[in-house]
Amino acid sequence: MTFELTATWLNGILLLGFTLVPIVTLITTRRADWGTTRAHRYSMRAQLPFGSEAVALSVRRHLRAVMRTNMWALLGVMVLALVTFAVAPWRGSPFFLWGVTLTLLLAVFGGAPLISGLRERLFSPAPIAVRIARGRHMRTSDYLGRWRLLTPTVLLALAMLAVSAVFAAAAWQPGVLHPAEPWMLWLSGIVLLFAIAVFVGTRVGERAVLARPQPASNTLELAWDDSFRADVLSSLRLSAATAAWLSLGTATTTLWVSFAPNAEFLPSFPWWALPFLQVLYTLSEGRMRASLYPEFLTPRTALSARDALA
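Structural notes, computed from the coordinates. Quick caveat, the model's predicted, so the values are computed rather than measured.

Glancing now at the nonpolar core. With 31 residues, the main nonpolar core has L155, L156, W245, L246, L248 and L277 as its most contacted residues. When residues of this core are traced back to their parent elements, those giving at least two are helix 4 (94-119), helix 5 (146-172), helix 6 (183-211), helix 7 (219-259) and helix 9 (273-282). When residues of this core are assigned to their parent elements, the largest contribution, nine residues, is made by helix 7. Contact partners of L155, with chain neighbours within four places excluded, come to A241, A244, W245, L248 and L277. A39, A56, V59 and L220 belong to the second-largest nonpolar core, a separate cluster that totals 30 residues.

The following block contains the structure:
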């Protein structure tokens, strides 16, 4: 009896492999003292000293909480994917794994950090302790550089133009779209609506993060809170950029396949941009704008790729 590795079996094996990642990580991070090395590494990248053992403990606890929240979100998505895999008749389709992967990107890299940013409080000063507060309401532009701010907006605008071109081509020349793939027209529209929903949702999330109080007893504690806040805002922008690229890629691939009948949708999709966006935003993790640092610190003006990936 021979075993044939079909698409259904391959999807199932990959799903089980993905599910093991959060399970192993949650087991590894059960210890309350987990994250000491990670905290020191973050401190070096962010160019922020701990200043006291209490701050170091708070940072370590926060990083552990963020990691476990991410893994619980990942596990939840994987359990839902496995249940869907067990009952869905289209579980052998390559689009099934595609949908699971994209859900992971948006839920784990966007939703989980937002939950952590709204739920976790880095410092809790005593009622009689001195508190530091700013005289104005902070904006996302105070935390993120221009390219991280504008990338989702630019990509969404390009996606709207591309989807408009797809529908215009189908309306003006009904036979221009690939006759064997009529679903691609509607897929372009649905993915664009999804990208718009993610764009709006992340903006709502940003406002909630910015409205959250920042209890701190000194400028160093405030800087640490700002650093983690910048990471959450960056993750939200990453989710919006990812969703916008999915819409742009779907529309451009639809046009390409329409005019190149021998091309296939999935192999033609510009997958390379998804990890590219991940790397670009990850390079800025733990790095905030120089204006947010305390006056007694002088952060580096540039961050090398080697240091960012260390």
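Right, let's talk about the environment of A39 for a bit. For A39, the location among the structural elements is in helix 2 (residues 36-46). Taking the C-alpha atoms as reference, A39 lies 9.0 Å from R61; in sequence the two are 22 residues apart. Setting aside its immediate chain neighbours within four residues, A39 contacts F50, V59, R60 and L63.

A word on helix 5. With 27 residues, helix 5 should cover 39 Å at 1.5 Å per step; its first-to-last C-alpha distance of 38 Å lies within 8% of that length. All of the buried residues in helix 5 are R148, L149, T151, P152, L155, L156, A159, A162, V163, V166, A169 and A170. Those residues of helix 5 that are buried lie in contact with helix 6, helix 7 and helix 9.

With the rule as written, the count across this model stands at seven aromatic pairs. Pairwise contacts between aromatic rings join Y42, F50, W224 and F228 into one cluster. Residue placement shows R203 over the ring face of F199; its charged tip is 4.0 Å from the ring centre.

Quick notes on the rules
Residues numbered from 1 in each chain as written. Predicted model: local features only at pLDDT ≥ 70, side-chain atom pairs only at ≥ 80, totals over all residues. Heavy atoms only, no water. Core = buried A, V, L, I, M, F, W, Y, C linked by side-chain atoms within 4.5 Å. Buried < 20%, exposed > 50% of the residue type's maximum accessible area, 1.4 Å probe, protein only. Helix = DSSP H or I, 4+ residues; strand = E, 2+ residues; numbered from the N terminus. Contact = heavy atoms within 4.5 Å. Expected span 1.5 Å × (residues − 1). Phe/Tyr/Trp six-rings, centres within 6.5 Å; stacked < 30°, edge-to-face > 60°. Lys NZ or Arg CZ within 6 Å of the ring centre and 35° of its normal.

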